[in-house]
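Remarks on the overall topology
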Amino acid sequence: MILVTENHDFHYETANICRFFVPDEKIKTVKERPETVGDELLAVTTLLEGETGAKTVCKLQFGDFCEMRTNFVPAESAHYRDDCERTLATDLYHLFCALFETTQSWGVLTGVRPIKLLRRTVNELGLPAALDRFRNVWLCDEQKLSLAEKTLKRENEILALSRPDSFSLYISIPFCPTRCDYCSFVSHTVDRAAYLIPDYLRLLCEEIRETARLASRLGLRLETVYVGGGTPTTLDAAQMATLLKAVAEAFDLSNVREFTVEAGRPDTVTEEKLRAIKAAGIERVSINPQTLHNSVLAAIGRKHTVEEFYDAFNLARKVGFAVVNTDLITGLPTDTVDGFSNTLDGILALAPENVTVHTLSMKHGSNLVASRRFEIAQKTAEAKAMSALSVEKLTAAGYNPYYLYRQGRTMGNQENVGWAKPGCEGLYNVYIMDETHTILGCGAGAVSKLKQPNGEYIERIFNYKFPYEYVSGFPEMLARKAGIDDFYTRFPTK
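Note that residues are indexed from 1 along each chain, following the sequence as it is written. Side-chain atom pairs in this predicted model are given and counted only at pLDDT of 80 or more, local residue features only at pLDDT of at least 70, and totals for whole chains, interfaces and linings cover all residues. Computation of side-chain values: all heavy atoms of the structure, hydrogens and water removed.

What to know about the overall build of the protein
What counts is decided by this rule: Only DSSP runs of H or I with at least four residues qualify as helices, and only runs of E with at least two residues qualify as strands; both kinds are numbered from the N terminus onward. Throughout, the radius of gyration refers to the C-alpha atoms, and the reference size of a globule is 2.2 Å times the residue count to the power 0.38. Three exposure classes are used, based on accessible area relative to the maximum for each residue type with a 1.4 Å probe and protein chains only: buried under 20%, partly exposed in between, and exposed over 50%. Throughout, a contact is declared for two residues whenever any of their heavy atoms are within 4.5 Å. Only the protein chains shown count as cover for residues, with accessible areas throughout obtained via the Shrake-Rupley method and a probe of 1.4 Å. Note on charges: Lys and Arg go in the positive column, Asp and Glu in the negative column, and His and the chain ends are not counted at all. Working definition for charges: the position is that of NZ of Lys, CZ of Arg, CG of Asp or CD of Glu.
When helices and strands are counted, the protein shows 18 helices and 18 strands. The C-alpha atoms of the protein give a radius of gyration of 24 Å, which matches the 23 Å a tight globule of 494 residues would have. Dimensions of the protein, computed from the C-alpha atoms along their principal axes, are close to 65 × 55 × 45 Å. Counting across all 494 residues of the protein, residues that qualify as buried make up 57%. When contacts within the protein are restricted to residue pairs at least 6 apart in sequence, long-range pairs at least 24 apart make up 73% of them. Within the structure as shown, the protein displays about 20800 Å² of accessible surface, and the carbon and sulfur contribution to it stands at 51%. Across the protein, the 56 positively charged side chains and the 64 negatively charged ones have centroids separated by 4 Å.

Below is the structure:
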């Protein structure tokens, strides 16, 4: 499709509105109207500024459909430029709704963190007025509004645990047994990169020790630890024990509220590995089936079976983990609403302490997108129904939503939600999505996100993305960690 932005630079929000409705279309943004468009979808957004304000004009054309909306933003508006952008985006949204005879659950909201926006709006206006703005200005539907309000309540309780000197630690193990078709994460399959693991692990332990020295010198307080990937349990039991020992010896863990290891792929889980994790004092693991249908697993290139998931889950219970999370994905190829309902029932019968419901995101770089084996439009209504079903069934089973975020190009423009039994929430998930406090990252692909104490300013320090870069460029990458010292010199915790 073609998006025209005449006399303005508000292409970000207007392009995002387009992606809501045509997520599999390439959007060409231009400043002037083309002479011919053929059979392409054409959206024209125009800003005409005068002394008293700006007239906004939106036009949407496709086949026999051709409609226009105009509006006016007064010059004395307190947020004039923002209001111009919002008005153009909102009018374009209404035109798309008319063309496709549908609405979007989150209305015109395009950001990753709607709960953070709700919190900020509540602090500014109070809860009733904030909900009214979400409903009538940003056009969120009542189901999403209710979900957001419930999530905000639990998030606020978790955020209150953080202090100005708090931080969390993320450790990246960027290796997987195979690559799932929906995945675009930086990870290497073991068959191609196994030779890198010994050197990678040795250097990762060195980075962990250096990061701990910096944190100790700065008087930072470690709250949560998350070992993710990739698939951390691609490490064998001895390698896992080495990694966890390095963390325990380097960091002061006396204030740590939770320590999680992601054992995401059931086909990497063994009793020996789980016992190595448990022996390190860790009580939280994540074992992720995504679906309980072997045909759907095959359709997404996930090289394990439902039976292997059950075996891995039962092993985690046998070893004695206090909290087990399971990830599910709505909108998967070949899955159906009834199939997803059966998956939910199967998971709830296991009674995991956490259930995270993701919506399939058609990410650039994933095999699904690259091969064009899956059309997005066909799954939109099903993804919405699956999302609604997850809210209904998890709520009825006693789970509460405690964190929520959105990604681009998701089926039906739905969200990702963490659900937990009371007291079993994953604090790290909240802290990273809310950008509550500093996250120090170790390993390939990790990002240290430095958060100003008692402020909103954030700086990032990027590690090399790929394991081979991490190994070959380790001295230079480690030198970047000096930026942590510099940041806290400028923004002390007290």
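We are not done yet, so read on.
A closer look at the side chain of Asn 325
Filter applied, for reference: We define a polar contact as two N or O atoms separated by no more than 3.5 Å, with the added condition that, inside protein, one atom must be a possible hydrogen donor and the other a possible acceptor, whereas residues neighbouring each other in sequence contribute only through side-chain atom pairs.
Inspection of the secondary structure puts Asn 325 in strand 12 (residues 323–330). At 2.8 Å, the side chain of Asn 325 forms a polar contact with the side chain of Asp 327. Not counting residues within four places of it along the chain, the set of residues in contact with Asn 325 comprises Val 285, Ser 286, Ile 287, Asn 288, Asn 354, Val 355 and Thr 356.

Comments concerning the pairing of strand 12
To keep it simple, the criterion reads: In this description, strands pair whenever DSSP reports at least two bridges between them. Here is how to tell: hold the view so the strands point away, follow the path from the first strand over the helix to the second, and if it runs clockwise the crossover is right-handed.
The buried count for strand 12 comes to eight of eight residues, which makes it a mostly enclosed element. Side chains Val 323, Asn 325, Asp 327 and Ile 329 project from strand 12 onto one buried face, and the interleaved Val 324, Thr 326, Leu 328 and Thr 330 project onto a second face that is buried too. Bridging between strand 12 and strand 13 (residues 354–359) involves six bridges; their strand directions are parallel. Within strand 13, the position partnered with Leu 328 by the bridge is Val 357. In this fold, strand 12 hands off to helix 12 (residues 337–350), which returns the chain to strand 13; that crossover is right-handed.

Quick look at helix 4 (residues 127–136)
Defined as follows: Each direction from the helix axis to a C-beta atom contributes to the arc, which is the arc of those directions.
Along helix 4, the residues classified as buried are Ala 130, Leu 131 and Phe 134. The arc enclosing the buried residues of helix 4, seen along the axis, measures out at 95°, which places them on a common side. Residues of helix 4 that are buried in the fold lie against helix 3 (114–125) and helix 5 (142–159).

Some remarks on the packing of helix 9 (residues 271–279) against helix 11 (residues 306–319)
How we decide: All axes are obtained by fitting lines to C-alpha atoms, using only the stretch in contact for helices, and the reported angles, taken between N-to-C directions, cover 0 to 180 degrees. These descriptions rest on fixed angle ranges, namely under 35 degrees for roughly parallel, over 145 for roughly antiparallel, 65 to 115 for roughly perpendicular, and the rest for oblique. Crossing handedness follows the turn of the near helix against the far one: under a right angle anticlockwise gives a left-handed crossing, and clockwise gives a right-handed one. Residues are grouped as follows: nonpolar covers Ala, Val, Leu, Ile, Met, Phe, Trp, Tyr, Cys and Pro; charged covers Asp, Glu, Lys and Arg; every other residue, Gly included, is treated as polar.
One can describe the packing of helix 9 onto helix 11 by two numbers: an axis separation of 10 Å at closest approach and a directional angle of 40°. The angle between the axes of helix 9 and helix 11 places the two elements in the oblique class. You can see that helix 9 and helix 11 cross each other, and the crossing is right-handed. Side by side, helix 9 and helix 11 meet where Glu 271, Leu 274, Arg 275 and Lys 278 of the first sit next to Ala 312, Leu 315, Ala 316, Lys 318 and Val 319 of the second. The residue makeup of the contact of helix 9 with helix 11, split by class, is five nonpolar, no polar and four charged.

Here's the deal with unusual backbone geometry
The omega angle of the peptide bond from Gly 229 to Gly 230 is 15°, so this bond is cis rather than trans. Although it is not a glycine, Leu 139 sits at a positive phi angle of roughly 65°. Turning to its location among the elements, Leu 139 is positioned in the loop between helix 4 and helix 5. A residue is classified by how much of its surface remains accessible, and Leu 139, at 22% relative accessible area, is partly exposed. For Asn 413, which is not glycine, the phi torsion reads 55° and is therefore positive. By the secondary structure assignment, Asn 413 is in the loop between strand 14 (400–405) and strand 15 (416–420).

Observations concerning the packing of aromatic side chains
As a reminder, the rule being used: Only Phe, Tyr and Trp rings are paired, with Trp represented by its six-membered ring, and only when their centres lie within 6.5 Å; those with planes under 30 degrees apart are stacked, over 60 edge-to-face, the remainder tilted. We count a charge as sitting over a ring when the NZ of a lysine or the CZ of an arginine lies within 6 Å of the ring centre and within 35 degrees of the ring normal.
Per the stated rule, a full pass over the model turns up 21 aromatic pairs. For the pair Phe 309 and Tyr 310, a centre-to-centre distance of 5.6 Å together with 55° between the ring planes defines the contact as tilted. The class of Tyr 310 is partly exposed, set by a relative accessible area of 29%. Grouping aromatic residues by their ring pairs yields a cluster made of Phe 21, Tyr 93, Phe 96 and Phe 100. Over the aromatic face of Tyr 464 sits the side chain of Arg 480, whose NZ or CZ is 4.5 Å from the ring centroid.

Structural notes on the pairing of strand 9 (residues 221–229)
Put simply, side chains in a regular strand alternate between the two faces of the sheet. With eight of nine residues buried, strand 9 is to be regarded as a mostly interior element. With four bridges connecting them, strand 9 and strand 10 (residues 258–262) associate as parallel partners. From the neighbouring strand, Thr 224 faces strand 10, where its bridge partner is Glu 258. Following the chain from strand 9 across helix 8 (residues 237–250) to the adjacent parallel strand 10, one finds a crossover that is right-handed.

Some points on the sheet that holds strand 2 (residues 28–30)
Strand order in the open sheet made by the five strands is 2-1-3-4-5, with mixed pairing throughout. In this open sheet, the two edge strands, each paired with only one partner strand, are strand 2 and strand 5 (65–74). Going from strand to strand, the sheet's axes swing by 15° on average, the running direction of each strand aside. Where strand 1 (residues 2–6) and strand 3 (residues 42–49) come together, five bridges link them in parallel fashion.

Comments concerning the nonpolar core
Our working rule: Grouping buried Ala, Val, Leu, Ile, Met, Phe, Trp, Tyr and Cys residues that are joined through side-chain atoms within 4.5 Å yields what is termed a nonpolar core.
By size, the foremost hydrophobic cluster in this structure holds 119 residues, and its most contacted members are Ile 17, Phe 96, Ile 171, Leu 204, Leu 243, Phe 251 and Ile 277. Excluding residues that lie within four positions of it along the chain, Phe 251 makes contacts with Phe 167, Leu 169, Ile 208, Thr 211, Ala 212, Ala 215 and Leu 222. Judged by nonpolar contacts, the second largest core, of 10 residues, contains Leu 159, Tyr 403, Tyr 405 and Leu 427.

Let's talk about the packing of helix 1 (residues 11–21) against helix 2 (residues 80–100)
Helix-helix packing is described using two parameters, namely the angle between the two axes and the distance between the axes. At their nearest, the axes of helix 1 and helix 2 sit 9 Å apart, and the two run at 20° to each other. The angle between helix 1 and helix 2 places the two elements in the roughly parallel class. In the packing of helix 1 onto helix 2, the handedness of the crossing is right-handed. Together, Glu 13, Thr 14, Ile 17, Cys 18 and Phe 21 of helix 1 and Glu 85, Leu 88, Ala 89, Leu 92, Tyr 93, Phe 96, Cys 97 and Phe 100 of helix 2 make up the contact between the two elements.

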